[in-house]
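# Per-entry structural report
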Amino acid sequence: MRTITVTACVLATSAIAGAGWYGYEASERARAEAEVLSAVEGLYDVISGPAGQARDWDRFRSMFTEDGRMSLFAPERAAAADGSGGAPARRITWTPEEYIERAGPYVMSNGFFEEGVWNRVQVFGRMAHVFSTYETYNEPGGPAVARGINSIQLVKDPADPNGAWKVLLIVWDTESPQRPVPAEMLPARGRANVPTDD
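As the structure is a computational prediction, the values presented were derived from the model and not from experiment.

How each quantity is defined
- Along each chain, numbering runs from 1 in the same order as the chain's sequence is written.
- Reporting in this predicted model follows two pLDDT cut-offs: at least 70 for local features of residues, and 80 or more for side-chain atom pairs to be given and counted; totals over whole chains, interfaces and linings ignore these cut-offs and use all residues.
- Calculated side-chain values reflect all of the structure's heavy atoms, with hydrogen atoms and water omitted.
- Secondary structure is summarised from DSSP: a helix means a run of H or I of at least four residues, a strand means a run of E of at least two, and numbering begins at the N terminus for each.
- For the exposure calls, accessible area comes from a 1.4 Å probe over protein chains only, and a residue counts as buried if that area is under 20% of its type's maximum, exposed if over 50%, partly exposed in between.
- Throughout, the Shrake-Rupley method with a 1.4 Å probe supplies accessible areas, and for residues the shown protein chains are the sole cover considered.
- If DSSP finds at least two bridges between two strands, the strands pair.
- Two rings belonging to Phe, Tyr or Trp (six-membered ring only in the last case) form a pair when the distance between their centres is within 6.5 Å. Interplanar angles under 30 degrees mark stacking, angles over 60 mark edge-to-face geometry, and anything in between is tilted.
- To form a nonpolar core, buried Ala, Val, Leu, Ile, Met, Phe, Trp, Tyr and Cys residues must be joined to one another through side-chain atoms within 4.5 Å.
- A residue counts as positive if it is Lys or Arg and as negative if it is Asp or Glu; His and the chain ends are not included.
- What makes a salt bridge here is a side-chain nitrogen of Lys or Arg within 4 Å of a carboxyl oxygen of Asp or Glu, nothing more.
- What qualifies as a polar contact is a pair of N or O atoms within 3.5 Å, subject to a donor-acceptor requirement within protein and to the restriction that residues adjacent in sequence count only when both atoms come from side chains.
- Pairs of residues are marked as contacts when any of their non-hydrogen atoms sit within 4.5 Å.
- The score called pLDDT rates the predictor's confidence residue by residue, from a low of 0 to a high of 100.
- How far a helix is expected to stretch is found by multiplying one less than its residue total by 1.5 Å.
- A residue's bend is given by the angle between axes fitted to the 7 residues ending at it and the 7 residues starting at it.

When helices and strands are tallied, the protein shows 3 helices and 7 strands. Per-residue burial for the protein yields a buried fraction of 45% across its 198 residues. With an accessible surface of roughly 10,100 Å², the protein has 51% of that area assigned to carbon and sulfur atoms.

Here's what the structure looks like:
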């Protein structure tokens, strides 16, 4: 997710790296993978859009568990010449509602599009984890203006009659010249799909 003090999070499925499936029969893997990645793709989709387009925040809220959280690593901010305005590097945690309050005005007033270009999925029973490398754009098909990695934990709540995968926690960090995204967490070529491992 992109940092603006507000990194927008969150994932479309362009490349899928090796997946781990625990507690799933081989015949269930394709279905489980599709469900998990659909939830991740929905996160990217709901926050993306051109300037002036209202986002469907009710849909966004519905993607999280009741105790869901979003956490980002904010980089150090240099102080002005007079010594004001600086801030140390830190981790910030929001509820989905707090994210809407902070990110909503930015994504509404600016063109903001984000997609996952590489994903690694692991599942055990009713838990799933996705490492998703994301890229952020000002317009569809434009150059990436930011890139980083989302770590997304999802669960299937037994009390949920729909049995949907919901986000329990998203943590993201943005790459920098000192900390680029590793080559093995990028698509091999463009945004082509990469077959999953058994």
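Here we come to the pairing of strand β2 (residues 64–74). Both β2 and strand β7 (residues 165–174) contribute to a ladder of 5 bridges, which runs parallel. Opposite R69, over in β7, you have L169 as the bridge partner. The sheet contact formed by β2 and strand β3 (residues 90–94) spans 5 bridges and is antiparallel. Looking at β3, one finds that F73 is bridged to R91.

The next subject is the packing of aromatic side chains. According to the stated counting rule, one finds 7 aromatic pairs in the structure shown. Between the aromatic rings of W57 and Y99, the centroid separation amounts to 6.4 Å while the plane-to-plane angle is 75°, which identifies the pairing as edge-to-face. In this pair, W57 sits in helix α2 (residues 57–62) while Y99 sits in helix α3 (residues 96–109), placing the two residues 42 residues apart along the sequence. Residue W57 is classed as buried on the basis of its relative accessible area of 15%. Grouping aromatic residues by their ring pairs yields a cluster made of W57, F60, F64, W94, Y99 and W172.

Quick look at the nonpolar core now. Residues V36, F60, F64, Y99, L154 and I170 are the most contacted members of the largest nonpolar core, which totals 33 residues. Broken down by element, this core gets its largest block of residues, 8 residues, from helix α1 (residues 26–47).

Turning next to the side chain of D160. Inspection of the secondary structure puts D160 in the loop between β6 (144–156) and β7. It turns out D160 is buried and unbridged, and the closest side chain with the opposite charge, K166, is 4.2 Å from it. Of the polar contacts made by the side chain of D160, one reaches the backbone nitrogen of N162; its length is 2.9 Å.

You can see V155 is positioned in strand β6. Separated by 27 residues in the primary sequence, V155 and A128 have C-alpha atoms spaced 6.2 Å apart.

Taken as a whole and assessed by the stated rule, the structure comprises 10 salt bridges. In this structure, E101 and R102 form a salt bridge, with 3.7 Å as the shortest nitrogen-oxygen distance. For E101, a relative accessible area of 53% gives the class exposed. A residue is classified by how much of its surface remains accessible, and R102, at 42% relative accessible area, is partly exposed.

Time to look at the side chain of K156. Of note, K156 is situated in strand β6. One polar contact links K156 to E35, side chain to side chain, over a distance of 3.3 Å. In contact with K156, other than residues within four places in its own chain, are R31, E35, R126, G163, A164 and W165.

Attention shifts here to the confidence of the model for the protein. Per-residue confidence for the protein gives a mean pLDDT of 83; residues scoring 70 or more make up 78%. For the stretch residues 3–14, pLDDT sits under 50, and the model shows 66 contacts to residues farther than four places along the chain or on other chains. In the model, residues 191–198 has pLDDT below 50 throughout and makes 22 contacts with residues more than four positions away in sequence or in other chains.

The subject of this paragraph is α3. Taking 1.5 Å of rise per residue, 14 residues should cover 20 Å, and α3 covers 19 Å from first to last C-alpha, within 8% of that figure. Of all the bends found along α3, the most pronounced is centred on A103 and spans about 45°, while P105, a proline, follows it within four residues. Every buried residue of α3 is listed here: P96, Y99, I100, A103, G104 and V107.

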